[in-house]
Amino acid sequence: MSPLTLLTMAFTLMLGTTITLMSTHWLLAWMGLEINTLAIIPLMIKQNHPRAVEATTKYFLIQATAATTLLFAATTNAWLTGAWEISQVMHPLPTIIITMALSLKMGLAPMHSWLPDVMQGLELKVGLVLATWQKLAPFSLLCQIPNSNFTILLGLTSIILGGWGGLNQTQLRKIMAYSSIAHLGWMLLVMQLLPSLSLMTLLVYIIMTFSLFNIFMINKTTNINSLSTSSMKVPVLTTLTPLILLSLGGLPPLTGFLPKWLILQEMIKQNFFMTATMAALSALLSLYFYLRLSYNMTFTIAPNTSTNTLSWRLNNKNIILPTATSMTMTLLMLPLLPLAAMPLF
Amino acid sequence: MIFTLMTFSFMFVLGLMGLTFYRTHLLSALLCLEGMMLSIFMAFSLWVLQMESDNFSTPPLLLLTFSACEASIGLALLIAIARTHGSDRINTLNLLQC
């Protein structure tokens, strides 16, 4: 793909999300989502092998269906109530349909099964875009429509199924897809109770996923097996990666702990005791596969010369600086986050 | 009013059910998507007629433009699938399963 085409597609991708973020009219929001989908498809199908083509086709069908359903629900809402604006009071039936369409777009639990398949067929960079940037537009729409307990239900299912699905996987991209499903579940839990906390969770998730995908890119691996030779290739990253994985799992001194902590606190404050307990226990499922990744990466092979065939040690210099920055943020940002979260309380 | 609402909802649901339950050819999935878009186009045009609002007369055209873009991407993907997988049957899309 020529750099000019790549640049155009990347800017169109950003433009689509921006249009959706800024829109107040349902038609404009839908147009932003469509531009977004149409722009990422050439990026996905760039390496022209059967798996990429299949992943792109699946992604296209799912996104087109979800966007059309969203527009249908908005139209029905307009016929029923006469209002096209996103923020206005909505009829309950279109609200449910829109929530389902948006969760199909993001890959939330009952409609999640396309996400691991699609992620598996993409290269790591596009997978990173799919796991982070593509969530922003549906997330902002979902924040703006009021529906009280339905999103909590969706969130809880996402946490449970996201943890459960990742248990037996050996492919890193599938594991990342399930991790994305579980994290989105955490965001949905507090979306109606405290939207700004939900936004902060999304930001922390994006930082953590960015650093983990960059580590995979530096290691040039896509499955668990080849992670274990990481200590021969990049020793420093090998020592830090378990910490990043534990930060994704949400262990205390690391950044990933803070969103989970605040979410549980907020849920308890609002008397959702059972939901909070179930969410906290289901996070253990996710923690299991993160721990398995770090076990295979760090603890199985002694750090001496291996007789295995190694891949070439040609490092990609370009992504060192962003990786270092995001890794530092992933590991050490916990004491700083209360400053960012100060307006919340 | 309720009659038009029911008509386009019924069209849309038929298209959606075709997309979800009739999974043999990719081409039929794309046709169902087009049918869904056209039902929404009908709703938009009828909204302009019913409300007699002139400033809502561009959205049907915008919708048609976007649905044409979407259809062209779908057909391009259909060709790509036919070239890499040999046919457009949906059950050949099973390379990425767990």
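Residues numbered from 1 in each chain as written. Chains lettered and ligands numbered in written order. Predicted model: local features only at pLDDT ≥ 70, side-chain atom pairs only at ≥ 80, totals over all residues. Heavy atoms only, no water.

A look at the pattern of salt bridges
All names here are of chain A. The tally for this structure, following the rule as stated, stands at four salt bridges over all chains. The shortest N-O distance in the salt bridge between K269 and E266 comes to 3.9 Å. Pair noted here: K269 and E266 are both in helix α14 (residues 257-269), with a separation of three residues, about one helical turn. Judged by its relative accessible area of 6%, E266 is buried. Several salt bridges converge on common partners, so that one network encompasses E54, K58 and D117. (Salt bridge = Lys/Arg side-chain N within 4 Å of Asp/Glu carboxyl O. Helix = DSSP H or I, 4+ residues; strand = E, 2+ residues; numbered from the N terminus. Buried < 20%, exposed > 50% of the residue type's maximum accessible area, 1.4 Å probe, protein only.)

What to know about helix α6 (residues 124-131) of chain A
Residues and elements named next belong to chain A. In terms of burial, α6 is a largely internal element, six of the eight residues being buried. Among the residues of α6, L124, V126, G127, L128, L130 and A131 are the ones counted as buried. Turning to α6, the residues buried within the fold contact α2 (26-44), α3 (50-81), α5 (114-120), α7 (133-144), α9 (172-189) and α10 (195-219). (Contact = heavy atoms within 4.5 Å.)

Looking at the nonpolar core
Counting 142 residues, the largest nonpolar core has W26, W30 and F60 of chain A as its most contacted members. At 15 residues, the largest contribution of residues to this core is made by α3 of chain A. Residues from two domains meet in this core; each of domain 1 (1-143) and domain 2 (147-304 + 317-338) of chain A gives at least three. Here F60 of chain A is in contact with I41 of chain A together with L30, L33, E70, I73, G74 and L77 of chain B, once residues within four sequence places are set aside. (Core = buried A, V, L, I, M, F, W, Y, C linked by side-chain atoms within 4.5 Å. Domains from an automatic or database assignment.)

Details of the UniProt feature "transmembrane region" (unreviewed entry) in chain A
Residues and elements named next belong to chain A. The positions UniProt marks with the feature "transmembrane region" (unreviewed entry) are residues 57-80, 92-110, 148-168, 175-194, 200-219, 231-252, 272-291 and 319-341. Secondary structure across residues 148-168 divides into 76% helix and 0% strand, with the first and last C-alpha atoms of the span separated by 34 Å. As annotated, residues 231-252 has a helix share of 82% and a strand share of 0%, and its two end C-alpha atoms lie 26 Å apart. (UniProt positions renumbered as here; feature names shortened; annotations may be inferred.)

A word on the interface of chain B and chain A
Taken together, the 40 residues of chain B in the interface contact 38 residues of chain A. When the area that chain B buries against chain A is broken down by residue, the three leading residues are W47, F66 and L96 of chain B, summing to 22%. Summed over the shared surface of chain B and chain A, the number is zero salt bridges. Across the contact surface, chain B and chain A share five residue pairs in polar contact (both at pLDDT 80 or more). Listing elements by their share of the side of chain B that touches chain A, those giving two or more residues are α1 (2-21), α2 (26-51) and α3 (59-85) of chain B. At 13 residues, the largest contribution of residues to the side of chain B that touches chain A is made by α3 of chain B. (Buried area = accessible area lost by both parts, 1.4 Å probe. Polar contact = N/O pair within 3.5 Å; in protein donor to acceptor, adjacent residues only side chain to side chain.)

Regarding unusual backbone geometry
All names here are of chain A. The phi dihedral of K220 is positive, around 55°, even though this residue is not glycine. For N271, which is not glycine, the phi dihedral falls at a positive 65°. Tracing the sequence through the fold places N271 in the loop between α14 and α15 (273-299). We classify N271 as exposed; its relative accessible area is 59%.

With respect to the side chain of T151 of chain A
Among the structural elements, T151 of chain A can be located in helix α8 (residues 150-165). For T151 of chain A, the contacting residues outside a window of four places in its chain are T99, L188 and Q192 of chain A.

A look at the layout of surface pockets
Within this model, the largest pocket holds a volume of roughly 920 Å³. Put simply, the parts of the chain that give the lining of the largest pocket at least two residues each are α3, α4 (92-106) and α5 of chain A together with α1 of chain B. Sort the elements by how many residues they give to the lining of the largest pocket and α3 of chain A lands first, with six residues. Per-class residue counts for the lining of the largest pocket are 17 nonpolar, seven polar and three charged. Contributing to the lining of the second largest pocket are 17 residues, with A10, L43, K125, V126 and V129 of chain A lying nearest its centre. Of all the secondary-structure elements, those providing two or more residues to the lining of the second largest pocket are α1 (3-22), α6 and α10 of chain A. Residue composition of the lining of the second largest pocket, grouped by class: 13 nonpolar, one polar and three charged. In this structure, the lining of the second largest pocket is formed jointly by two domains, domain 1 (1-143) and domain 2 (147-304 + 317-338) of chain A, each of which donates at least three residues. (1 Å grid on protein atoms, 1.4 Å probe; cavity = no way out; pocket = protein on both sides within 12 Å on 5 of 7 lines; lining within 4 Å. Points joined across faces, edges and corners; volume = space filled by probe spheres on them. Nonpolar A, V, L, I, M, F, W, Y, C, P; charged D, E, K, R; others polar.)

Some words on helix α16 (residues 320-332) of chain A
All names here are of chain A. For α16, with 13 residues, the first-to-last C-alpha span of 18 Å sits near the 18 Å given by 1.5 Å per residue. Within α16, the full set of buried residues consists of T323, S326, M327, T330 and L331. Buried residues along α16 cover an arc of 130° about the axis, so they all sit on one side. Set apart from the buried face of α16 by more than 90 degrees, the exposed residues are L321 and L332. Lining the buried residues of α16 we find α10 and α13 (235-249). (Expected span 1.5 Å × (residues − 1). Arc of directions from axis to C-beta.)

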